Amino acid sequence: MTPGAPQGDPPETLGRLAASLRAAFRAAGLDTAALDARILAAHAAGVDADRVVLDPERPVSPEEGARAAGLMERRIAGEPVGRILGEREFWGLAFALSAETLEPRPDTETLVERVLSWCDARGGRERAWRFADVGTGSGCIAVALLCELPNARAVAVDLSQSALVTAQANAARHGVAARFSAVCGDFADALAPGFDMLVSNPPYIAPQEREALSREVRLFDPPLALFAKDNGLAAYRRIATEAGRILVDGGFAMVEIGAAQAADVTGILIAAGFQDIAVFQDLGGRDRVAGALRIAK
Ligand code: GLN
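Residues numbered from 1 in each chain as written. Predicted model: local features only at pLDDT ≥ 70, side-chain atom pairs only at ≥ 80, totals over all residues. Heavy atoms only, no water.

### A closer look at helix H4 (residues 62–76)
Each α-helix winds once per 3.6 residues, and so residues spaced three or four apart point in a common direction.
Next, step 1: Compared with an ideal rise of 1.5 Å per residue, which puts 15 residues at 21 Å, H4 spans 21 Å between its outermost C-alpha atoms and is within 8% of the ideal.
Next, step 2: Within the sequence span of H4, burial applies to Glu64, Ala68, Leu71 and Arg75. Viewed along the axis of H4, the buried residues span an arc of 65°, placing them on a single side of the element. Away from its buried face, by an angle of more than 90 degrees, H4 presents the exposed residues Pro62, Glu63, Ala66 and Glu73.
Next, step 3: Lining the buried residues of H4 we find helix H1 (14–27), helix H2 (33–45), helix H5 (81–85) and helix H9 (215–220).
Next, step 4: Looking one or two residues beyond H4, the residue adopting positive phi is Gly78, at roughly 110°. (Helix = DSSP H or I, 4+ residues; strand = E, 2+ residues; numbered from the N terminus. Expected span 1.5 Å × (residues − 1). Buried < 20%, exposed > 50% of the residue type's maximum accessible area, 1.4 Å probe, protein only. Arc of directions from axis to C-beta. Contact = heavy atoms within 4.5 Å.)

This is the structure:
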């Protein structure tokens, strides 16, 4: 220490706080250490994450420092940043989360993009689309679509009443509640025919793959949203049957799939009488979405 320098720790600043979280996250082997540190340091201090870079000398109070230490422990224990913040961005919109809702994934934006391009090819975005979102969770898919399809109406179904409360709040937050109906039910059981499209990010992980999942997913995403019997395919069988029942002729189903499930899901959709089946890849080049048209029998 330089003689005459002040004793004790230097006063805490936002920049130093973020740096210490980053070092702890790196030591814990987190691969998004710097980003997580910026977000959580800023959250503890009650400021936007960009302040860490723009205002690194901002003082941090002991209370803010203590809060940051608590958040840091949770992250090191595997809790994802989105869960800690209680919300996650999807399609440029912030979605509140609860224990009953899957944390939205960027991969699922591929589903939204593909649905929109099929809408573009079938009457356009202004059409009064009527769609069902089966297993809506946080409502992220339905709300993102309602924001892009100004005359659409969504029926969002979930088995979890608590997830529906979160989804409804997210619809209100983004100004689409008047076109969003939440229905508690098992797949589309509770829905009458007459839908132009059915969208879903169903559970599709085989239960035996549980141990291979990251802690972030295994410990913090709701099992109901992750796992499906029959090697992860059970939900697709239900959805294909239900979609055949509730979709109008010329309507379509678009579902998220696991990277190794394209052939199986295609087979399930064909067996249920769907046509023009298409598989689309996510930004990582993995099969992620299957779409299918319902043609009059
Ligand atoms: N895509 C998620 C994951 O791999 C799983 C979500 C799901 O089963 N629908 O973690």
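Okay, back to it.
### Here's the deal with the site of the ligand
Next, step 1: Every residue lining the ligand is accounted for by Leu102, Arg105, Asn201, Pro202, Pro203, Tyr204, Ile205, Ala225, Leu226 and Glu256.
Next, step 2: Here Pro202 contributes a backbone N or O atom positioned 2.6 Å from a nitrogen atom of the ligand.
Next, step 3: Protein coverage of the free-state accessible area of the ligand, which is 300 Å², stands at 85%.
Next, step 4: Taken together, the residues of the shell around the ligand break down into seven nonpolar, one polar and two charged. (Near = heavy atom within 4 Å. Polar contact = N/O pair within 3.5 Å; in protein donor to acceptor, adjacent residues only side chain to side chain. Areas by Shrake-Rupley, 256 points an atom, 1.4 Å probe, with all protein chains shown as cover. Nonpolar A, V, L, I, M, F, W, Y, C, P; charged D, E, K, R; others polar.)

### With respect to the side chain of Arg83
Next, step 1: Along the chain, the position of Arg83 falls in helix H5.
Next, step 2: Within polar-contact distance, the side chain of Arg83 engages the backbone oxygen of Phe220 at 3.1 Å.
Next, step 3: Those residues in contact with Arg83 that sit more than four places away from it in its chain are Arg74, Leu97, Ser98, Ala99, Thr101, Leu102, Glu103, Phe220, Asp221 and Pro222.

### Considerations on the packing of helix H12 (residues 234–246) against helix H13 (residues 262–271)
Next, step 1: In the contact formed by H12 and H13, the axes pass within 9 Å of each other and the chain directions differ by 30°. By the criterion of interaxial angle, the relationship of H12 to H13 is roughly parallel. Regarding H12 and H13, the two cross each other, and that crossing is right-handed. Contact residues: H12 offers Tyr236, Arg237 and Ala240, while H13 offers Val265, Ile268 and Leu269. (Axes fitted to C-alpha atoms, helices over the stretch in contact; angles between N-to-C directions. Parallel < 35°, antiparallel > 145°, perpendicular 65-115°, else oblique. Left-handed = near helix turned anticlockwise from the far one by under 90°.)

### Things to note about the pairing of strand E5 (residues 180–184)
Next, step 1: Bridge analysis of strand E4 (residues 153–158) against E5 gives five bridges, and the strand direction is parallel. If you follow Asp158 over to E5, its bridge partner there is Cys184.
Next, step 2: Note on the crossover from E4 through helix H8 (residues 161–173) to E5: the handedness is right-handed. (Pairing = 2+ DSSP bridges. Right-handed = clockwise from strand over helix to strand, strands pointing away.)

### Quick look at the sheet that holds strand E9 (residues 287–294)
Next, step 1: Taken together, seven strands build an open sheet; the order of strands is E5-E4-E3-E6-E7-E9-E8 and the sheet is mixed. Each having just a single partner strand, E5 and strand E8 (274–281) make up the two edges of the open sheet. Put simply, the sheet's adjacent strands are angled 15° from each other on average, direction ignored.
Next, step 2: Pairing geometry for strand E3 (residues 130–134) and strand E6 (residues 195–200), over four bridges, is parallel. When the sheet's bridge partners are listed, Asp133 is paired in E6 with Val199.
Next, step 3: Its contacts with the sheet place H13 against strand E7 (247–256), E8 and E9, and it is angled at close to 160° to E8.

### Concerning the side chain of Asn201
Next, step 1: On the secondary structure map, Asn201 appears in the loop between E6 and H9.
Next, step 2: Exposure remark for Asn201: the relative accessible area of 14% places this residue in the buried category.
Next, step 3: Filtering out sequence-adjacent residues up to four positions away, Asn201 remains in contact with Leu102, Thr108, Val134, Gly135, Ile141 and Glu256.

### A short note on H1
Next, step 1: The end-to-end C-alpha distance of H1 is 20 Å, a good match for the 20 Å that 14 residues give at a rise of 1.5 Å each.
Next, step 2: Among the residues of H1, those classed as buried are Leu14, Leu17, Ala18, Leu21 and Phe25. Projection of H1 onto a plane perpendicular to its axis shows the buried side chains occupying an angular sector of 95°, all on one side. Exposed residues pointing more than 90 degrees away from the buried face of H1 are listed as Arg26 and Ala27.
Next, step 3: Those residues of H1 that are buried are in contact with H2, helix H3 (51–54) and H4.
Next, step 4: Phi turns positive, to about 80°, at Gly29, one or two residues after H1.

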